[in-house]
Amino acid sequence: MGLLKELLLLPAAPVRGTFWVLAQVTAEAERQYYDPATVRRELAALDQQLTDGQIDEAEFDRREDLLLDRLEHQTRTASDPRSR
């Protein structure tokens, strides 16, 4: 039965392979996006921009909230039993 199934699904192999690659790329992009070290570097750069006067306090607060949400996302998914 397994061989028959594979023979029937063979024409769809390129599509299945494409979806697998897309899933891998998406997973890696999300890993990098939510990586705590990356978020901390971006927070440090944001603080430097505020110190240098490149952005104002309101822009700093808005962008800092977004970065802290990304940092918190890692903690939420690690403690969520559904993510395992």
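Our structure is the block above this text.
Note that the coordinates shown come from a computational prediction; the quantities given were computed from them, not determined experimentally. (Residues numbered from 1 in each chain as written. Predicted model: local features only at pLDDT ≥ 70, side-chain atom pairs only at ≥ 80, totals over all residues. Heavy atoms only, no water.)

**Overview of the overall build of the protein**
Basically, it comes down to this: In DSSP terms, a helix is any run of H or I states spanning at least four residues, a strand is any run of E spanning at least two, and both are numbered starting from the N terminus. Relative accessible area decides the class of each residue, using a 1.4 Å probe on protein chains only: under 20% of the type maximum gives buried, over 50% gives exposed, and in between gives partly exposed. Contacts between residues were defined by any pair of non-hydrogen atoms, one from each residue, lying within 4.5 Å. Surface exposure here means Shrake-Rupley accessible area, sampled with a 1.4 Å probe, where a residue is shielded only by the protein chains that are shown.
Within the protein, the regular secondary structure consists of 4 helices and 0 strands. Along its sequence from the N terminus, the protein presents helices and strands in the succession α-α-α-α. The C-alpha extent of the protein, read off along each of the three principal axes, is 65 × 30 × 20 Å. Buried positions account for 10% of the 84 residues belonging to the protein. The contacts in the protein between residues at least 6 apart in sequence include a share of 41% that link residues at least 24 apart. By element, 60% of the accessible surface of the protein is carried by carbon and sulfur atoms, the whole surface being about 6800 Å².

**What about the pattern of salt bridges?**
Pairing is possible between side chains that carry opposite charge, provided their charged atoms lie close to one another. Put simply, the rule reads: By definition here, a salt bridge exists when the distance from a side-chain nitrogen of Lys or Arg to a carboxyl oxygen of Asp or Glu is within 4 Å.
Counted under the stated rule, the structure contains 4 salt bridges. One network of salt bridges, in which partners are shared, links Glu-59, Arg-62 and Arg-63.

**Some words on the environment of Thr-77**
Mapped onto the elements of the fold, Thr-77 is located in helix H4 (residues 57-79). Considered as a pair, Thr-77 and Tyr-33 are 44 residues apart in the sequence and their alpha carbons are 14 Å apart.

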